[in-house]
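# Examination of the molecular architecture
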Amino acid sequence: MKKKLWKRGVLLLLAALFVVGCVQTEGLAPAVEAVTQSEIDNLKDNASDLGDQKDALQSQIDALESDKSKALEQIELLDKQNDVIRQEISNTESLITNYENLITQTQAELEDAERQEAEQYDLFCKRVRAMEENGTVSYWSVLFNATDFADLLSRLDAANEIMEADQRVIDNLKALQAEISEKKATLETSLSESQAAKKELESKKAELESQIAKAQELAAQIEDGIGEYEEALEAVEAEEARVQAEIKRKEQELAASLPQPTAGGYIWPVTTSKKITCKFGPRTHPITGKYSNHTGVDIGGVGYTSNILATKDGIVLEATYSSAYGYYIVISHGSGNTTMYAHMSKGTFRVSVGDHVTQGQVIGTTGSTGYSTGPHLHYEIRENGSPVDPLQYLPGYIQSW
Ligand SMILES: [Zn+2]
């Protein structure tokens, strides 16, 4: 009895060596933060929102740029008007100077004419006195010195003629004075009109300058606004670049984490680990030192929860239990090619015998059933019925044996 038990133990150990080959030292699968498509989709939505924000900011900047160019056009126009007014003011100032000079000149002429009149009057008075003295003009002397009435009339006539001649000279001078005064008055009117015009031009100029100042202030405000929007746009663009970089990184990460078909057309059977804890082929057991042949590879670091994927399209040949392989599945890929997935957790089969499976389809969950020292996936590929080294179809594997 005791011997039989011992024998049974050895057999089990040999079977275990044959099947497992290596001690599984891996515990649970490491906490891999897997990137998901929905995470990437969220980031893309985010990027799209940022794009919308960017468009909105750009259209505001465009609108402001248009406002700014309108304001600048307005300033240019006002500046031109201001130039014209400045020219007009300068012209009016020359006119005023001319009028002032003319008025000064006319004033001199007037004073000259007045002086001439005064002189003429003085002369007239002197002549009258002389005539009086020599008895040619005094009515009394005319009256008393006249020899007869005809002589009296003749004397009166002579006196009158002299007086009338003087009177004409004085009258002419007075007329000249009046003419000069009128000219002066006209000039003074023109001067005051020019001064009024200048005042008006200056108030127009002041108004234009205030309009220019306002337009310049507006343009400056618009410029500030543009600056603010451009800053906001830059911030959004930076954020967008950051999000896009993150999308790119995550997409690469996701692509890298997804099973990629290899040269043989196989993908990795798990996405959670690339650690190969036991290689294919002849192997010496690390504890017993016994020689064995390992017909597949062991993928460690998968824990009890990793999805097992069909590595190629095919039909399920076996989905069953054995004491050595535990719960295992064999899929036929045609032409005598099969893949095997062993030590699956109990009750996790997702397919049945005869099911068609597609590459990447989840067929079950990793575990440690059968002869196994810890959770791992025993994965085998047979071509034309003979096991081949799966490592040639497992790119990027990590050697952990
Ligand atoms: Zn194995």
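Residues numbered from 1 in each chain as written. Predicted model: local features only at pLDDT ≥ 70, side-chain atom pairs only at ≥ 80, totals over all residues.

### Quick look at the overall build of the chain
- Secondary structure assignment for the chain yields four helices and 13 strands.
- Classification of the 401 residues of the chain by burial places 23% in the buried group.
- Considering only contacts within the chain whose residues lie at least 6 apart along the sequence, 75% involve residues at least 24 apart. (Helix = DSSP H or I, 4+ residues; strand = E, 2+ residues; numbered from the N terminus. Buried ≥ 20, exposed ≤ 12 C-beta atoms within 10 Å, placed from the backbone. Contact = placed C-beta atoms within 7 Å.)

### So, the nonpolar core
- The biggest cluster of nonpolar side chains holds 31 residues, and the ones touching the most others in it are Val-270, Ile-299, Ile-308, Tyr-328, Ile-329, Tyr-341 and Leu-377.
- Of all the elements in the fold, those that place two or more residues in this core are β1 (275–278), β4 (297–300), β5 (307–309), β7 (326–334), β8 (337–344) and β11 (377–383).
- Once residues within four sequence positions are removed from consideration, Val-270 is found in contact with Ile-299, Val-302, Ser-306, Ile-308, Leu-309, Thr-366 and Leu-377. (Core = buried A, V, L, I, M, F, W, Y, C linked by C-beta atoms within 7 Å.)

### Thoughts on the pairing of strand β6 (residues 314–322)
- One ladder, built from two bridges, connects β6 with strand β9 (residues 356–357); its direction is antiparallel. The partner of Ile-315 across the bridge, within β9, is His-356.
- Direction of pairing for β6 relative to β7: antiparallel, over a ladder of seven bridges. Note on β7: the bridge partner recorded for Ser-322 is Gly-326.
- The hairpin turn running from β6 into β7, its antiparallel successor, is three residues long. (Pairing = 2+ DSSP bridges.)

### Quick look at the pairing of β8
- Most of β8 sits out of view: seven of its eight residues are buried.
- Strand direction decides the pairing type here: β7 and β8, joined by six bridges, are antiparallel. Each residue of the ladder has a partner; that of Gly-334, found in β8, is Asn-337.
- Hairpin remark: β7 followed by β8, antiparallel, with two residues in the connecting loop; positive phi at Ser-335, about 55 degrees.
- Bridge analysis of β8 against β11 gives five bridges, and the strand direction is antiparallel. In the sheet register, Thr-339 faces β11, and the bridge partner there is Ile-381.

### Details of unusual backbone geometry
- Positive phi, normally seen in glycine, also occurs at His-343, with a value near 65 degrees.
- In this fold, His-343 is placed in strand β8.
- Owing to 27 C-beta atoms within 10 Å, His-343 belongs among the buried residues under this scheme.
- We note that Asn-384 has phi near 50 degrees; this positive angle belongs to a residue other than glycine.
- Given 9 C-beta atoms within a 10 Å radius, Asn-384 is considered exposed.

### Let's talk about the environment of Ser-257
- The residue Ser-257 is located in helix α4 (residues 149–257) in this model.
- In this structure Ser-257 comes out as partly exposed when scored by C-beta crowding, with 15 C-beta atoms within 10 Å.
- With 14 residues separating them along the chain, Ser-257 and Thr-271 place their C-alpha atoms 6.1 Å apart.

### Regarding α4
- Counted at 1.5 Å a residue, the expected span for α4 with its 109 residues is 162 Å, and the 157 Å between its end C-alpha atoms agrees.
- Of the residues making up α4, those classed as buried are Arg-155, Leu-187, Ser-194, Leu-201, Ala-215, Ile-222, Tyr-229 and Val-236. (Expected span 1.5 Å × (residues − 1).)

### Some details on the confidence of the model for the chain
- With 87% of its residues at a pLDDT of at least 70, the chain reaches an overall mean of 85.
- Contacts from residues 1–20, a stretch scored under 50 in pLDDT, to residues over four places away or in other chains number 15 contacts. (pLDDT = per-residue confidence, 0-100.)

### Quick look at the environment of Ile-276
- Note that Ile-276 resides in strand β1.
- Along the chain, Ile-276 and Leu-377 lie 101 residues apart, while their C-alpha atoms are 9.6 Å from each other.
- Excluding residues that lie within four positions of it along the chain, Ile-276 makes contacts with Val-297, Asp-298, Ile-299, Leu-391, Tyr-397, Ile-398, Gln-399, Ser-400 and Trp-401.

### Details of the environment of Asp-67
- Tracing the backbone shows Asp-67 in helix α2 (residues 37–133).
- Residues Asp-67 and Leu-218, spaced 151 residues apart in sequence, show a C-alpha to C-alpha distance of 9.3 Å.

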